[in-house]
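Topology and contacts: notes
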Amino acid sequence: MSGSSFGKIFRVTTWGESHGPAVGAVIDGCPAGIPLTENDVQAFLDRRRPGQSKYTTKRQETDSVEILSGVFEGKTTGTPISMIVRNQDQRSRDYGEIAFSYRPGHADYTFKEKYGFRDYRGGGRSSGRETIGRVAAGAVASLFLRELGITLQAYTKALGPYCVPEEEYHFSEIQENSFYMPNNAVAREAGEYVSSLMAECDSCGGIIECTADGLPAGLGEPVFDKLDALLAQAVMSIGAVKGVEIGDGFRASSSTGSKNNDPFYMQDGNVRKRTNHSGGTLGGMSDGSRLILRAAVKPTASIARPQHTVNESGEEIEMTVRGRHDPVIVPRAVVVVESMTAVTIADLLLQNMSARLDRIKDFYNNK
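**Digging into the state of the cysteines**
Applying the stated criterion across every chain, the model contains zero disulfides. With no disulfide of its own, Cys30 lies 19 Å from the sulfur of Cys210, the closest cysteine sulfur.

**So, empty space enclosed by the protein**
On inspection of all chains with the given rule, the structure shows one cavity of 30 Å³ or more. In this structure, the largest cavity occupies an estimated 60 Å³ of space. The wall of the largest cavity is formed by Arg103, Ala107, Asp108, Phe111, Arg118, Asp119, Tyr120, Gly123 and Ser126. In the lining of the largest cavity, the residues fall into three nonpolar, two polar and four charged.

**Some thoughts on helix 7 (residues 330-352)**
In this model helix 7 runs 32 Å from its N-terminal to its C-terminal C-alpha over 23 residues, within 8% of the 33 Å that 1.5 Å per residue would give. Counting buried residues along helix 7, 22 of its 23 residues qualify, which places the element largely inside the surrounding structure.

**Notes on the packing of aromatic side chains**
Applying the stated rule across the entire model yields seven aromatic pairs. On the basis of an interplanar angle of 70 degrees and a centroid distance of 5.5 Å, the ring pair of Tyr155 and Tyr169 is categorised as edge-to-face. Here the residue Tyr155 occupies a position in strand 8 (residues 151-159), and Tyr169 occupies one in the loop between strand 9 (162-163) and helix 4 (184-199), the gap between them amounting to 14 residues. Given a relative accessible area of 2%, Tyr155 falls into the buried group. Taking the relative accessible area as the measure of exposure, Tyr169 reaches 13% and is therefore buried. Measuring from centroid to centroid gives 5.5 Å for Tyr155 and Phe171, while their planes differ by 65 degrees, and the two rings are edge-to-face. With Tyr155 in strand 8 and Phe171 in the loop between strand 9 and helix 4, this pair connects stretches of sequence that are 16 residues apart. Among the aromatic residues, those joined into a ring-pair cluster are Tyr155, Tyr169 and Phe171.

**Focus on the side chain of Arg129**
Note that Arg129 resides in the loop between helix 2 (108-115) and helix 3 (131-147). A polar side-chain atom of Arg129 sits 2.6 Å from a polar atom in the side chain of Asn87.

**Observations concerning the nonpolar core**
Of all hydrophobic cores here, the largest spans 76 residues; its most connected members are Phe10, Ile27, Val41, Met83, Val140 and Leu145. Non-local contacts of Met83, meaning those with residues more than four positions away in its chain, are made with Trp15, Val23, Gly24, Ala25, Ile27, Val41, Val65, Glu66, Ile67, Ala136, Ala137 and Val140.

**Looking at the sheet that holds strand 11 (residues 241-246)**
Through backbone hydrogen bonds, the strands of a sheet pair up, either in parallel or in antiparallel fashion. Here we have five strands laid out as an open sheet, ordered 9-8-10-16-11, and antiparallel in their pairing. Among the strands making up the open sheet, the edge pair consists of strand 9 and strand 11. Where strand 8 meets strand 10 (residues 206-213), eight bridges bridge the pair, whose relative direction is antiparallel. Opposite Thr156, over in strand 10, you have Ile208 as the bridge partner. Across the sheet, helix 5 (residues 227-236) lies against strand 11 and strand 16 (291-297), angled at about 155 degrees from strand 11, the strand it touches most.

**Topic: the pairing of strand 12 (residues 264-267)**
Both strand 12 and strand 13 (residues 270-273) contribute to a ladder of four bridges, which runs antiparallel. By the bridge assignment, Phe264 is partnered in strand 13 with Lys273. Linkage of strand 12 to strand 13, two consecutive antiparallel strands, is achieved through a turn of two residues, within which Asp268 is found at a positive phi near 55 degrees.

**Focus on the sheet that holds strand 1 (residues 5-6)**
Here five strands make up an open sheet; going across it, the order is 1-2-3-7-4 and the pairing antiparallel. Each having just a single partner strand, strand 1 and strand 4 (65-69) make up the two edges of the open sheet. Of the pairings in the sheet, the one linking strand 4 to strand 7 (residues 81-86) comprises four bridges and is antiparallel in character. Looking at strand 7, one finds that Ser69 is bridged to Ser82. Across the face of the sheet, helix 1 (residues 38-48) comes into contact with strand 4 and strand 7 while running at roughly 135 degrees to strand 4.

**Examining the packing of helix 1 against helix 7**
When two helices pack together, their arrangement is given by the angle between the helix axes and the distance between those axes. Following both chains from N to C, one finds helix 1 and helix 7 inclined at 135 degrees, their axes separated by 6 Å at the closest point. If you check the angle between helix 1 and helix 7, you find them oblique. Only Arg332, Val334, Val335, Glu338 and Ser339 of helix 7 make contact with helix 1, whose side of the interface consists of Phe44, Arg47 and Arg48.

Criteria and cut-off values
- Residues numbered from 1 in each chain as written.
- Predicted model: local features only at pLDDT ≥ 70, side-chain atom pairs only at ≥ 80, totals over all residues.
- Heavy atoms only, no water.
- Disulfide = S-S within 2.5 Å.
- 1 Å grid on protein atoms, 1.4 Å probe; cavity = no way out; pocket = protein on both sides within 12 Å on 5 of 7 lines; lining within 4 Å.
- Points joined across faces, edges and corners; volume = space filled by probe spheres on them.
- Nonpolar A, V, L, I, M, F, W, Y, C, P; charged D, E, K, R; others polar.
- Helix = DSSP H or I, 4+ residues; strand = E, 2+ residues; numbered from the N terminus.
- Expected span 1.5 Å × (residues − 1).
- Buried < 20%, exposed > 50% of the residue type's maximum accessible area, 1.4 Å probe, protein only.
- Phe/Tyr/Trp six-rings, centres within 6.5 Å; stacked < 30°, edge-to-face > 60°.
- Polar contact = N/O pair within 3.5 Å; in protein donor to acceptor, adjacent residues only side chain to side chain.
- Core = buried A, V, L, I, M, F, W, Y, C linked by side-chain atoms within 4.5 Å.
- Contact = heavy atoms within 4.5 Å.
- Pairing = 2+ DSSP bridges.
- Axes fitted to C-alpha atoms, helices over the stretch in contact; angles between N-to-C directions.
- Parallel < 35°, antiparallel > 145°, perpendicular 65-115°, else oblique.

Here it is as structure tokens:
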């Protein structure tokens, strides 16, 4: 299977299956000298860990990470960083009846058509549990970015029809509710909505917003490797994400040039923008203002109600998905979106070091 790696210099490869012995990631190209411990990575993994509230799957996993290589005396060594999280609470028997049937909304059919074989236990490689490796890598990338004064923050902007208006963001409240929403009042309304869906054996989706502050201007390339394009690839590669927008995104299509353009001005000798409709990018490169990205997440595909489908024999049947599943994926996916954004930016920062001869000379002449 190809396509399990992302990045050119800061390169991340994830491995493992939902009901296999373990999942994890290998990071190649991480600079040496970054302070890194298992606790740093664990803090990120705890944000996506199951069983944290009644709105998440009851699968009980500690998701304890072990760093197997690439760190010595608390700092990265510049060699590949290998991390492992062992699976502890698999219940493969829950998936026995779908071994020969295709779950609606899942990768069962397409995986079987592509490979002629599939691991039906929780989706195998297509499971959301694969994102553990992404989050572990995102923790390392975020530490690297922090050394450069770059900070990221992701949160739930909307769940179903309940959306937090930008003027009502209260970032101090993100950690105070089960949905990681920047508004406790909206989170309470969303909670009632999700509870009503749970009672009907149904699910919902939502929108995750991620921002990055402190980016230098010039990250990304003007053609195929645009910052926008790579962020979209990174975030769209997360299972259940069906759309990505930067800045005003689709709203820009109904705007006008006079409103959508962000006027420049000078402040303390630096170029600044009065507005940020572009979401921190221009011409495929960062412009030095806040990066704003949103991801649209579909409703959880696994719902405990009868659905029409077909089996591998081509027979039309009714099936009910068993097992333990999130009624809404969004809260646990917040840190995944943040992590993939961090990995993308880290990789582009390292690529950008070779963009200008004068800076290459400065580096080597000042050694």
